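Remarks on the overall topology
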Amino acid sequence: MHPSERRVQRIVERCLRGLSVEQKVGQMVQAEIANATPTEVAEFALGSILNGGGSFPGGNKQASVDDWRALADAYHGAVRKSTHSDHPVPILWGTDAVHGHSNVYGATVFPHNIGLGAARDGDLMEAIAVATAREVAATGIDWTFAPTLAVARDDRWGRTYESFAEHPDVVVEYASRIVAGLQGVAGEPDFLGPGRILATGKHFLGEGHTTDGRDQGDVVCSEDTLRDLHAGGHRAAIAAGVQTVMAAFNSWHGTKVHGHRYLLTDVLKGALGFDGFVVSDWDGFLQVAEDRAEACGSSVNAGVDLLMVGVEWRAAYHDLLQQVSAGAVPMARIDDAVRRILRVKARAGLVSCARSSARPATVEESVVGEPSHRELARRAVRRSLVLLKNDGVLPLKRDAKVLVAGDGADNIGKQCGGWTLTWQGTGNDNSDFPNGMSLFDGFVEATAHHGGSAILSPNGEFGGDSPDVAVVVFGEEPYAEGDGDRDHLSYSTLHAEPLAILRRLQERGIPTVSVFLTGRPMWVNPELNASDAFVVAWLPGTEGGGVADVLFRGPNGKLDHDFHGRLSFSWPRHAMHTPLNVGDTDYAPLFPYGYGLRYGDAIDRPGRLDETDSARGMPARDRPCTMGSTYPR
Ligand code: GLC
């Protein structure tokens, strides 16, 4: 055993001996910051807190970095001063920094995973993880619930954009790079050192394979499929030293993973050798049985070590305590869970209860949204764009007169998507992103001072002279989790306006470039037909300027940036063309996995695509949201 691990073990055993049963149970509960005060967290010796999507210090969406640090200090301070224990155990604060520190006002928001998958760039991934860790550490937070290692197989799923790819290769490669970027390299001196944070492999296991792509649904597949398609990212993350794993909401053959002892204990902790702790998903443990206490006990017995509780953390605490006194959960299981939690805390250097902003993992406040991080995010945007069609209208010249249309053109909230400031990513406007740049801002930057112009017209109307070209930016509205589940992939059935704009422009003889903001491949044949060039920008985040960087020639007329992105998801031929995945026996996508044009490629003039909408008449979404509980919103 490595000497530092021997030290960790000593700390863990000493600490464990000092804890009462109540304190051990407290360590196994994670409460939400809106629902547990610092005093309560200290009083119950809770092991952890989180901020769920849409929960901020003081309930203020525009809370400053100072406010976040002050709140972290308040929790740590209360625990340190706790009169309930001679040896108070420091808490861990977890957050969904899933595309940058995306809950924090002014933070750098990177493209969502689907775009990063298209970038096929492991170095970039590690650099993004390093930058994200620094921004998280600067706010006094220790832990991110990322990376998501799902391999999404049915694009109707509302979490498709959180998946890097429909094929495990990309996920496996990225898993280890991200974990190394967030935590540092296991075994090296800076592992969990300054500016590093704990990572979470989530969600274990199989969530990308639910029937019909239903969020939190049932997975019906063999164990071989589970292993070969879905476990690879987790295996790689564990090999890279990931310290926590989040259980998945889905079931496997009807049994919820949160209550699945074989998967959580035998496979994850046994066969895969995971020695960190398993955190439940948001109230996920409650889904395993009707009775609350029984659900709690069964989930812990199955292998969940830390209960993430939405609101009722007191109930979870009492339920677990009751299960222990009733003998339903053996003390050995509690000790194992707490040992795992303490081990992670010890490895993270949280053995002394220093004020969080003075803790080694914390870096200076100014890194949140710092220019080098924004430049990195802009680079990630450039690398993630996928060119599906170009009849020669691209690249644009900087002295062109460009009409910039569509409701996504000047809308940073829309380009960021879900898990941005709010849980669903809705209700945000440009003023919520003080450091952000809309796509339109990028078009202005590209043309101003170069003899051209960019004119914003969301509905595509214009007066006076015709523009040389129109760029129409459109796409999905933000969503997260089950709220993003769809019954089909037809874009225009849900949003008719962009197609109308494109057709009006075409009728007037204006060349059109579509820029599609989306969390998944969608059936856009009508929009493709109505566009001279079509670019998929995914959900690029706050640095919208990266789009113009690639669409325009450089100031000297040369190509500064070519397209680079390649589809990490197969593109559907019709609106019901899902599941559709590379390797299918009857694989016949419109654009295959790996597709993506470059400027140097021969000009692509595909024939007119079939516009028969197989989803016509289907409701946009007829399934109830399966979320078991509510977030602070
Ligand atoms: C959720 C998600 C999970 C997230 C957690 C905390 O409902 O499934 O990915 O980390 O809540 O916000």
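Residues numbered from 1 in each chain as written. Predicted model: local features only at pLDDT ≥ 70, side-chain atom pairs only at ≥ 80, totals over all residues. Heavy atoms only, no water.

1. Brief notes about the side chain of arginine 333
What counts, and what does not: Runs of H or I in DSSP of at least four residues are treated as helices and runs of E of at least two as strands, each being numbered from the N terminus. In this analysis, two residues are considered to be in contact whenever any of their non-hydrogen atoms come within 4.5 Å of each other.
As for its position among the elements, arginine 333 is in helix 13 (residues 331-347). Contacts of arginine 333, omitting those with residues within four sequence positions, involve Lys269, Val300, Asn301, Gly303, Val304 and Asp305.

2. Quick look at the sheet that holds strand 4 (residues 143-144)
Selection criterion: Between any two strands, at least two bridges found by DSSP are needed for them to pair.
Here five strands make up an open sheet; going across it, the order is 4-3-2-1-11 and the pairing parallel. The outermost strands of the open sheet, each flanked by one partner alone, are strand 4 and strand 11 (307-308). Taken together, the three bridges between strand 1 (residues 29-32) and strand 2 (residues 48-51) define a ladder with parallel strand orientation. Of the residues in strand 2, the one forming a bridge with glutamate 32 is leucine 50.

3. Thoughts on the environment of glutamine 323
Spelled out, the test is: Relative accessible area decides the class of each residue, using a 1.4 Å probe on protein chains only: under 20% of the type maximum gives buried, over 50% gives exposed, and in between gives partly exposed.
By the element assignment, glutamine 323 lies in helix 12 (residues 313-325). Residue classification places glutamine 323 among the buried positions, given a relative accessible area of 10%. Between the alpha carbons of glutamine 323 and glycine 464 there is a distance of 75 Å; along the sequence they are 141 residues apart. Beyond its immediate chain neighbours, meaning those up to four positions away, glutamine 323 contacts Ala293, Glu294, Gly297, Ala328 and Val329.

4. A closer look at the pairing of strand 16 (residues 512-517)
The buried fraction of strand 16 amounts to six of the six residues, a majority that puts the element mostly inside the structure. By the alternation rule, side chains of strand 16 split into Thr512, Ser514 and Phe516 and Val513, Val515 and Leu517, which are all buried. Looking at chain direction, strand 15 (residues 469-475) and strand 16 are connected through six bridges and run parallel. Each bridged residue has a counterpart across the sheet, and for phenylalanine 474 the counterpart in strand 16 is phenylalanine 516. Of the pairings in the sheet, the one linking strand 16 to strand 17 (residues 533-536) comprises four bridges and is parallel in character. Along strand 17, the bridge assignment pairs valine 513 with alanine 533.

5. Topic: the confidence of the model for the protein
Heads up, the rule is: pLDDT measures the predictor's confidence residue by residue and takes values from 0 up to 100.
The predicted model of the protein averages 94 in pLDDT, with 95% of residues at 70 or higher. This stretch, residues 622-633, has a pLDDT under 50; its non-local contacts, to residues over four places away or in other chains, come to 32 contacts.

6. Remarks on the sheet that holds strand 13 (residues 401-405)
The cut-off we apply is this: For helices, the fitted axis covers only the stretch in contact; all axes are lines through C-alpha atoms, and the angles between them, taken along N-to-C directions, range from 0 to 180 degrees.
Taken in spatial order, the six strands make up an open sheet running 12-17-16-15-13-14, and their pairing is mixed. What marks the edges here is a single partner per strand, and that holds for strand 12 (386-390) and strand 14 (453-456). The sheet shows a mean angle of 20° between the axes of neighbouring strands, taken without regard to direction. Of the strand pairs in this sheet, strand 13 and strand 15 are connected by four bridges, and their pairing is parallel. Within the sheet, the bridge partner assigned to alanine 405 lies in strand 15 and is valine 472. Where helix 16 (residues 439-447) meets the sheet, its contacts fall on strand 13, strand 14, strand 15 and strand 16, and the angle it forms with strand 14 comes to roughly 155°. Packed onto the sheet, helix 18 (residues 497-507) meets strand 13, strand 15 and strand 16 and runs at close to 170° relative to strand 15.

7. Topic: the packing of aromatic side chains
The line we're drawing: For Phe, Tyr and Trp, rings pair up if their centres lie within 6.5 Å, where Trp contributes its six-membered ring, and each pair is then called stacked (planes under 30 degrees apart), edge-to-face (over 60) or tilted (otherwise).
Applying the stated rule across the entire model yields 18 aromatic pairs. Taking the centre distance of 6.1 Å and the plane angle of 75° together, the rings of tyrosine 75 and tryptophan 93 count as edge-to-face. One end of the pair, tyrosine 75, is in helix 4 (residues 65-80); the other, tryptophan 93, is in strand 3 (residues 92-95), with 18 residues separating them in the sequence. Of the two residues, tyrosine 75 and tryptophan 93, neither departs from the other in class, the shared state being buried. A centroid spacing of 5.7 Å and a plane angle of 65° characterise the contact between phenylalanine 443 and phenylalanine 552, whose relative ring orientation is edge-to-face. Taken together, the residues span a long stretch of sequence, with phenylalanine 443 in helix 16 and phenylalanine 552 in the segment after helix 20 (545-551) at a distance of 109 residues.

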